[in-house]
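Structural overview
As a plain string of letters, each chain reads:
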Number of protein chains: 2
Amino acid sequence: MTTEALSRVFAALADPTRRDMVARLAEGDATANQLAEPYQMTLQAVYKHLRVLEQAGLVTRPPGPQPRPVRLEVHVFDLMDNWIERHRRRAEQRYRRLDALLAEMSGDEA
Amino acid sequence: MTTEALSRVFAALADPTRRDMVARLAEGDATANQLAEPYQMTLQAVYKHLRVLEQAGLVTRPPGPQPRPVRLEVHVFDLMDNWIERHRRRAEQRYRRLDALLAEMSGDEA
DNA sequence: CGGCCTTTCAACTTTTCGGTTGAAAGCCAC
DNA sequence: GTGGCTTTCAACCGAAAAGTTGAAAGGCCG
């Protein structure tokens, strides 16, 4: 279900800590420890956040040697983009139609 | 704080009912009753959702005669767009740099 | 193998969220 | 001004979220 995926992505980004993690991962991969460093919260809490981001598809953790890197998966942004742009466009179209209608009416008046 | 505003917008859109409301409002204004019609939930619950959308700035309810219309405020989408695009761009830049580096290295090899 | 670092599991607490019920205002029209 | 819509307020409930502690695996290197 796309709608559940969308809910998970939006919910994941609704948390400022997770948003900060994503922002930092946009600059480059990082280990869980590096990610945790700026926050004063347990390492376990950071892993929990990572699991949320992972299940939202925003992040992967490629297998390999022990301190596994966390990698941002940008293509998930497209999901949000699509949703946002679709409705933005629809609403703006409505505005344009309304403007046109108003213009026509004032033209008739003149 | 912009970060709180962002949290509120993302959190508001993390709920499928609220997302559906926004989608329908993109087609045109509606009253609370009209909005509530498709869902089997109390009218009060709908008003609660509207309050969340309102506090996220996604929706306004212009004053006037009693069945007050709910109006979508598209410009709030820009907030999300900015955030998303900024980090998407940064990550994609990284990818490009990485590609260039790899190309350079394989060029050195040849 | 042993030990250390990384990662996960589990249980518990506190808040927040989505929803309900019930009641109270507000406002509009007749 | 009373009656019927719309809107809000308040208290409550169950479930989920964010964080903690404590413990257990997993994996890597000397």
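As a convention, each chain's residues are numbered from 1 in the sequence order in which they are written. Throughout, the order in which chains and ligands are written sets their labels, letters from A for the former and numbers from 1 for the latter. The predicted origin of the model limits local features to residues at a pLDDT of at least 70 and limits the giving and counting of side-chain atom pairs to 80 or more, whereas totals for whole chains, interfaces and linings rest on all residues. Derived side-chain values reflect all non-hydrogen atoms in the structure, with water molecules and hydrogen atoms excluded from consideration.

Section: the protein's contact with DNA strand D
Short version of the rule: For each residue, the test is whether any non-hydrogen atom lies within 4 Å of the molecule or strand; if one does, the residue is near. Counting of polar contacts relies on pairs of N or O atoms within 3.5 Å, with two restrictions inside protein: one atom must be capable of donating a hydrogen and the other of accepting it, and residues adjacent in sequence are counted only when both atoms are side-chain atoms. Here a helix means four or more residues in a row that DSSP labels H or I, a strand means two or more in a row labelled E, and each is numbered from the N terminus.
Around DNA strand D, 19 residues are found, and the nearest of them are Thr42, Lys48 and His49 of chain A together with Asn33 and Tyr47 of chain B. In DNA strand D, the atoms that sit within 4 Å of the protein are 64% sugar and phosphate, with bases accounting for the remainder. Between DNA strand D and threonine 42 of chain A, the relevant distance is 2.5 Å, taken from a phosphate oxygen to a side-chain nitrogen or oxygen of the residue. In this structure, glutamine 44 of chain A approaches DNA strand D through a side-chain N or O atom, which is 3.0 Å from a base oxygen. Counting only elements with at least two residues in the surface near DNA strand D, the list comes to helix H4 (43-55) of chain A together with helix H3 (32-36) and helix H4 (43-55) of chain B. Per-element tally for the surface near DNA strand D: the top contributor is H4 of chain A, with four residues.

Describing the environment of threonine 42 of chain A
Residue and element names in this part refer to chain A. Threshold: Each residue is placed in one exposure class: buried if its accessible area under a 1.4 Å probe, protein chains only, is under 20% of its type's maximum, exposed if it is over 50%, and partly exposed if it falls in between.
Relative to the elements of secondary structure, threonine 42 occurs in the loop between helix H3 (32-36) and H4. Owing to a relative accessible area of 49%, threonine 42 belongs among the partly exposed residues under this scheme. Separated by 41 residues in sequence, threonine 42 and tryptophan 83 have C-alpha atoms that sit 35 Å apart.

Things to note about the interface of chain B and chain A
Going by this rule: Two residues form a contact once any of their heavy atoms are found within 4.5 Å. Accessible surface is computed with a 1.4 Å probe, and the buried area is the amount of it that two parts give up when combined, taken over both parts together. Salt bridges, as used here, are contacts in which a Lys or Arg side-chain nitrogen is within 4 Å of a carboxyl oxygen on Asp or Glu.
At the junction of the two partners, chain B supplies 31 residues and chain A supplies 31 residues. Buried area between chain B and chain A, summed over both chains or domains, comes out near 2900 Å², and the portion from carbon and sulfur atoms is 59%. Summed over the shared surface of chain B and chain A, the number is eight salt bridges. Here chain B is connected to chain A by 16 residue pairs in polar contact (both at pLDDT 80 or more). Elements supplying a minimum of two residues to the side of chain B that touches chain A: helix H1 (2-13), helix H2 (16-25) and helix H5 (77-109) of chain B. Sorting elements by how many residues they give to the side of chain B that touches chain A places H5 of chain B first, with 13 residues.

Considerations on the sheet that holds strand E1 (residues 30-31) of chain B
Pairing between the strands of a sheet is mediated by backbone hydrogen bonds and can be parallel or antiparallel. Under the convention used in this document: Any two strands with at least two DSSP-identified bridges between them are counted as paired.
Across the sheet, three strands lie side by side as E1-E3-E2 (chain B); this open sheet has antiparallel pairing. The open sheet is flanked by E1 and strand E2 (59-60) of chain B, the only strands paired with a single partner.

Observations concerning the protein's contact with DNA strand C
Neighbouring residues of DNA strand C: 19 residues in total, closest Asn33 and Tyr47 of chain A together with Thr42, Lys48 and His49 of chain B. Protein-proximal atoms of DNA strand C, defined as those within 4 Å of the protein, fall in sugar or phosphate at a share of 64%. Contact distances for DNA strand C include 2.8 Å between a phosphate oxygen and a backbone N or O atom of arginine 68 of chain A. One nitrogen or oxygen atom from the side chain of threonine 42 of chain B is found 2.4 Å from a phosphate oxygen belonging to DNA strand C. Elements with a minimum of two residues in the surface near DNA strand C: H3 and H4 of chain A together with H4 of chain B.

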